[in-house]
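Coordinate inspection notes
Here is how the chains run, residue by residue.
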Amino acid sequence: MTSKLESLQSWVDQVAAHTQPEAIHWCTGSDEEYQDLIELMLAHGTLTTLNRETHPNCYLHLSSPNDVARVEHLTFICTSGKDDAGPNNLWMEPAEAHEKMDALFEGCMRGRIMYVIPYCMGPIDSPYSRCGVEITDSAYVVANMKLMTKMGNKALERIEREGKFVRGLHSTGELDPERRFIMHFPEELSIKSYGSGYGGNALLGKKCHALRIASYQGRQEGWLAEHMLIVGLENPDGDVHYIACAFPSACGKTNLAMLIPPESMKGWRAWTLGDDIAWLHLDEDGKLRAINPEAGYFGVVPGTNEKTNKNAYEMIKHDAIFTNVATTEDNQPWWEGKLDGTPAKDWQGRNYDPSTGKAAHPNSRFTVPATNNPAYSSLADAPTGVPISAIVFGGRRKKVAPLVYQTKSWEHGVLVGAGTASETTAAMVGEVGKVRRDPMAMKPFCGYNFADYWAHWLSFPERSEHLPKIFHVNWFRQDDDGNFLWPGFGENIRVLEWIIDRVEHRAGAKETPIGFLPHAEDLNTTNLDISADALEELTSIDTAQWRAEMASVLEYLEGYGDRLPEELRRQQKMIADALNEEMAKAS
Ligand code: GTP
Ligand code: SPV
Ligand code: MN
């Protein structure tokens, strides 16, 4: 096959000449093509079939043990000016980066098939969607892209019509960590990724395109590409609100996006629009609208069960690809947090031995089409997306951050987003459980200088008087024995109810230096199993701790130097002053 779009055809020809594949396959996106790829991988042993009775059309892929998560230390933003990438990114000069990558790619597809994947991020007929083409030598990547994006002929038609697309070149190479780099060239709208077959490193439509490249484009074009879930909540009166929440990797987006309200919250329903990425645009009425650029979920498996996330548990029982989970004697997938079964083989395919670690990798994942989800929203494919009532930032903090608070203004909300901190998780290679600043949950994903990104966020009030209210949540507060204070999961809807009621001006709150917190009685706790002490701790702040927190936020922000918007210093000072006053009053 060839493309009638000259710029696409010549790029494919040039990549083929450089990488020397045995054959070129243009992906059509058909179901037959998916099945053929599955058969090919089964024959090669890169996939195995899971129990057909309990898990029809489910497959298992075990990745190389050194290739199980994103690699932030090998991920670069290659802008011509170093300052445009900012202190939040690793940077390499574009010419140097191309030279380095081109050397790795030279001849790397000999004996392999080169797949050309035209894809569309977002509904195929949405003005907000953006297209790309990923070239890869991995059948696993193609199969995952089929589940995660609108891929194949329809996307190619749009690309040929528009003439514009993001170019992503990927090879698994030798899976050698020493020969692994994920390079982004936002000025050229291109990506080169070598040496990893894993998720965010290899499925280039996801973090590389839909966040790093798209955030850069969004700044130029006046929109936002964010690491956010989108959930629709219907109250017993039938009113629906859409909420977008930014939590860092493995901090609860997939779970909140498909939550099931508890028994005691009769009449409430929740619908999933997206579980990882949102693109936010102002419409002509000044409403912020969100689309989900993805068409599937690449979700964390451990912890998923009938109680925590029944929707996810059900949706991964069929037509799913599992990566790095364990298996039972009868070849069902197994993971930590599953309520039945026992592991026979671990995520490396070895006989399971508890002394060698967990059975499933902590960052083991499922890939499923979004339509598998029982809570899939009929509006998930709406070309103009859904209007957002509230934006919620959050993180995983044992201490300091209360269950929920509302910011006093959009500008204050931007400061809260910029100052958000969270404990690191297994979604990235490195130490787990270390508190770090992860502004807007975008630390690994912003394709340009955070200072410019915050300025972009701060520019929205100039363009709209109808922006969503901004909140912060923390489901992960612990007592001194390490128990979670808040039950989380489906019960999180109680917090979302307060958020919606604040938006609708019908819920109470107390004003504190850091924002509006609910009084314990402002939260709906009907039939909730929680002690009064725990609730009190979740809905109060420690002034001394917060003074230290705000000083640390300022120190972090000052790391962005002259480019830091003055407004953030002003917002930080207002809170620091209010905390000082509170301290003085108390003594
Ligand atoms: P990425 O896909 O990496 O961006 O992550 P995510 O934000 O979608 O995280 P996900 O929902 O997959 O949750 C990650 C882990 O946090 C899982 O093991 C969940 O079981 C756990 N988790 C999610 N929500 C809650 C909650 O409300 N309370 C507690 N204690 N754990 C939660
Ligand atoms: C994340 O790490 O935030 C993910 C998984 O959603 S990955 O696609 O690997 O980035
Ligand atoms: Mn994510």
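Here we summarise the structure given alongside this text. (Residues numbered from 1 in each chain as written. Chains lettered and ligands numbered in written order. Predicted model: local features only at pLDDT ≥ 70, side-chain atom pairs only at ≥ 80, totals over all residues. Heavy atoms only, no water.)

**As for the overall build of the chain**
What counts here: Helix and strand assignments come from DSSP, with helices taken as H or I runs of at least 4 residues and strands as E runs of at least 2, each series counted from the N terminus. In this treatment the radius of gyration is a C-alpha quantity, and the globule benchmark scales as 2.2 Å times the residue count to the 0.38 power. For every residue, the accessible area obtained with a 1.4 Å probe (protein chains only) is divided by the maximum for its type, and the residue is called buried under 20%, exposed over 50%, and partly exposed between those limits. Here, two residues are considered to be in contact whenever any of their heavy atoms come within 4.5 Å of each other. Positive charges are assigned to Lys and Arg, negative charges to Asp and Glu, while His and the chain termini are left out of the count. Charge placement uses NZ in Lys and CZ in Arg. For Asp and Glu, CG and CD serve respectively.
Secondary structure assignment for the chain yields 16 helices and 29 strands. For the chain, whose C-alpha radius of gyration is 23 Å, the value lies close to the compact-globule estimate of 25 Å for 587 residues. Each of the three principal axes of the chain carries a C-alpha extent, and together these read 75 × 55 × 45 Å. The burial tally for the chain puts 61% of its 587 residues in the buried class. Expressed as a percentage of contacts within the chain between residues at least 6 apart in sequence, the contacts between residues at least 24 apart total 73%. One way to put it: in the chain the 57 positive side-chain charges average out to a point 1 Å from where the 82 negative ones average out.

**So, the coordination of the manganese ion (ligand 3)**
Rules: In this listing, donors mean N, O and S atoms no farther than 2.8 Å from the metal, or 3.2 Å for Na, K and Ca; water is missing from the atoms, so a site can look incomplete. When four donors show all angles between 85 and 135 degrees the site is tetrahedral, when four or six donors have opposite pairs over 155 degrees and all other angles between 65 and 115 it is square planar or octahedral respectively, and in every other case it is irregular.
Coordination of the manganese ion (ligand 3) by the protein involves K207 (NZ), H227 (NE2) and D276 (OD), with metal-donor separations of 2.2 to 2.3 Å. Seen from the manganese ion (ligand 3), its 6 donor atoms lie at angles of 70 to 172°, and the figure they make is irregular.

**Topic: the site of ligand 2**
Where we set the bar: Consider each residue's heavy atoms; a residue with any of them within 4 Å of a molecule or strand counts as near. A 3.5 Å cut-off defines polar contacts: any pair of N or O atoms within that distance qualifies, except that in protein one atom must be a possible hydrogen donor and the other a possible acceptor, and neighbouring residues in sequence count only when both atoms are side-chain atoms. Residue exposure ignores everything except the shown protein chains as possible cover, and the areas themselves are Shrake-Rupley values with a 1.4 Å probe. Cavity means a closed set of points on a 1 Å grid over the protein atoms alone, one where a 1.4 Å probe fits but cannot get out, pocket means an open set with protein on both sides within 12 Å along at least 5 of 7 lines, and lining means a residue has an atom within 4 Å of a point. Being in a pocket or cavity means that more than half of the molecule's atoms lie within 2 Å of its grid points.
With respect to spatial proximity, 13 residues lie near ligand 2, and among them R70, G200, K206, K207 and S249 are the closest. Separating an oxygen atom of ligand 2 from a side-chain N or O atom of H227 is a distance of 3.3 Å. A distance of 3.4 Å is found between an oxygen atom of ligand 2 and a side-chain nitrogen or oxygen belonging to D276. Relative to its unbound accessible area of 280 Å², ligand 2 is 98% covered by the protein chains. Counting atoms within 2 Å of the grid points, the majority share of ligand 2 lands in the largest pocket. Among the secondary structure elements, those contributing two or more residues to the shell around ligand 2 are α7 (199-202) and α8 (205-221).

**As for the side chain of N89**
As for its placement among the helices and strands, N89 is situated in the loop between α3 (82-85) and β5 (90-91). Relative accessible area serves as the criterion here: at 15%, N89 is assigned to the buried category. Here the side chain of N89 touches C446 through a polar contact of 2.9 Å, landing on its backbone oxygen. Excluding its chain neighbours within four sequence positions, the residues that come into contact with N89 are I77, C446, G447 and Y448.

**Remarks on the sheet that holds strand β19 (residues 321-323)**
For clarity, the cut-off: We treat two strands as partners when DSSP finds at least two bridges between them. Only the stretch in contact is used when fitting a helix axis, every axis being a line fitted to C-alpha atoms; angles between N-to-C directions are given from 0 to 180 degrees.
With mixed pairing, the 5 strands of this open sheet are ordered in space as β2-β3-β19-β22-β18. Two strands in the sheet have a free side with no partner beyond their single neighbour: β2 (48-49) and β18 (296-300). With 5 bridges joining them, β18 and strand β22 (residues 365-369) adopt antiparallel strand pairing. Residue G296 lies in a different strand from β22, and its bridge partner there is P369. Helix α2 (residues 31-44) rests against β2, β3 (59-61) and β19 of the sheet, and its axis sits at about 55° to β3.

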